[in-house]
Amino acid sequence: MKLIVTGSFDESSRHVAARFAEVIREKPDALIGCATGSSTVGIYRHLAAQYEAGTLDFAKVRTVNVDEYMGIGPGHGQSFAHFMGEHFFTRVNLAPENCYLVDGAGDPAGETARFRAFLGGNRMDILMLGIGTNGHVGFNEPAPVFTAGAHVVALAEDTIRANSRFFQDESEVPRHAMTMGIGDIAKARRVCLIASGAAKADAVRRLFADDSIDPRLPCTILKACPDAEVVIDRELAQAAGLIQTQEESN
Ligand code: GLP
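The rules behind the values
- Residues numbered from 1 in each chain as written.
- Predicted model: local features only at pLDDT ≥ 70, side-chain atom pairs only at ≥ 80, totals over all residues.
- Heavy atoms only, no water.
- Pairing = 2+ DSSP bridges.
- Helix = DSSP H or I, 4+ residues; strand = E, 2+ residues; numbered from the N terminus.
- Axes fitted to C-alpha atoms, helices over the stretch in contact; angles between N-to-C directions.
- Contact = heavy atoms within 4.5 Å.
- Buried < 20%, exposed > 50% of the residue type's maximum accessible area, 1.4 Å probe, protein only.
- Lys, Arg positive; Asp, Glu negative; His and termini not counted.
- Salt bridge = Lys/Arg side-chain N within 4 Å of Asp/Glu carboxyl O.
- Polar contact = N/O pair within 3.5 Å; in protein donor to acceptor, adjacent residues only side chain to side chain.
- Expected span 1.5 Å × (residues − 1).

A sheet is described by the order of its strands in space; here 3 strands give the open sequence E4-E8-E7, paired in antiparallel fashion. Looking at strand neighbours, the two that pair on one side only are strand E4 (67-70) and strand E7 (151-154), the edges of this open sheet. On average, each strand axis in the sheet is inclined to that of its neighbour by 30°, with strand direction left out of account. In terms of strand pairing, E4 meets strand E8 (residues 176-179) through 4 bridges, oriented antiparallel. Bridging from a neighbouring strand, Asp 67 pairs with Thr 179 of E8. Its contacts with the sheet place helix H4 (residues 108-121) against E4, E7 and E8, and it is angled at close to 20° to E8.

Structural data, given as structure tokens:
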């Protein structure tokens, strides 16, 4: 697991977008793992800019999303399906049939089986991740053990509180979500985790504190990934008390 410290959040976003672009140019039908949340908005903006400039083609690219709220459908303004439409799908030439999404309004058992079958037959070439304030990745919340495959999860109180900023009020935040499992994340060929902001400092500090892979801090699974980068800006690196091991500016 490599630490990349950049000069700003925008530089971090540009760095991750560049890694995705590299993979897509090498393999035009790459399967890319997509995350949502404020941390990922810049990545999609930079990818869309490359498409608009004619330097990146998504015609054959396949996507799969890491997670989705359960109990709200794709038409809901806070569903991750809606987020993807707004920030990515409508901005590049992805074919809708190449974009795998969990149906948050679907039957949880059926959706779990469908998601597990998809992930069982398709390995991600590159995956982007954000991180929860409690160290969750996707919606794999801190727990006594890891869950390997896709599953429905009851959201942690911290997560409900943190995500309530996107809803009118905390009571509207769905209590359940579907997420790919820790085993799915570990199998991705490359992983880029992007984080920014003081709220993530504690999770990032704990991630680099030692060599443990601990289900109580789910992001530590990145230590088992064949090619993982944690991309953070200098401000967060300082807040997390990390020594800058690498400087990157694109
Ligand atoms: C959400 C999502 C995660 C995301 C994280 C961070 O709960 N399930 O996939 O990485 O929170 O979100 P943000 O980037 O908005 O801080």
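Read on, since the account is not over.
Structurally, Glu 68 can be placed in strand E4. No salt bridge forms around the buried Glu 68; measuring N to O, its nearest opposite-charge neighbour Arg 114 is 9.3 Å away. In this structure the side chain of Glu 68 is engaged in a polar contact, spanning 2.8 Å, whose partner is the backbone nitrogen of Phe 80.

Below, the discussion takes up helix H1 (residues 9-26). The terminal C-alpha atoms of H1 lie 26 Å apart, and with 18 residues this matches the ideal 26 Å at 1.5 Å per residue to within 8%. Where H1 is buried, its residues contact strand E1 (2-6), strand E2 (31-34), helix H2 (41-52), strand E6 (126-129), strand E9 (191-195) and strand E10 (228-233).

Attention now goes to the pairing of E9. Of all 5 residues making up E9, 5 are buried, and the element is well covered by its neighbours. Of the two faces of E9, the one lined by Val 191, Leu 193 and Ala 195 and the one lined by Cys 192 and Ile 194 are each fully buried. Taken together, the 3 bridges between E6 and E9 define a ladder with parallel strand orientation. Along E9, the bridge assignment pairs Leu 127 with Val 191.

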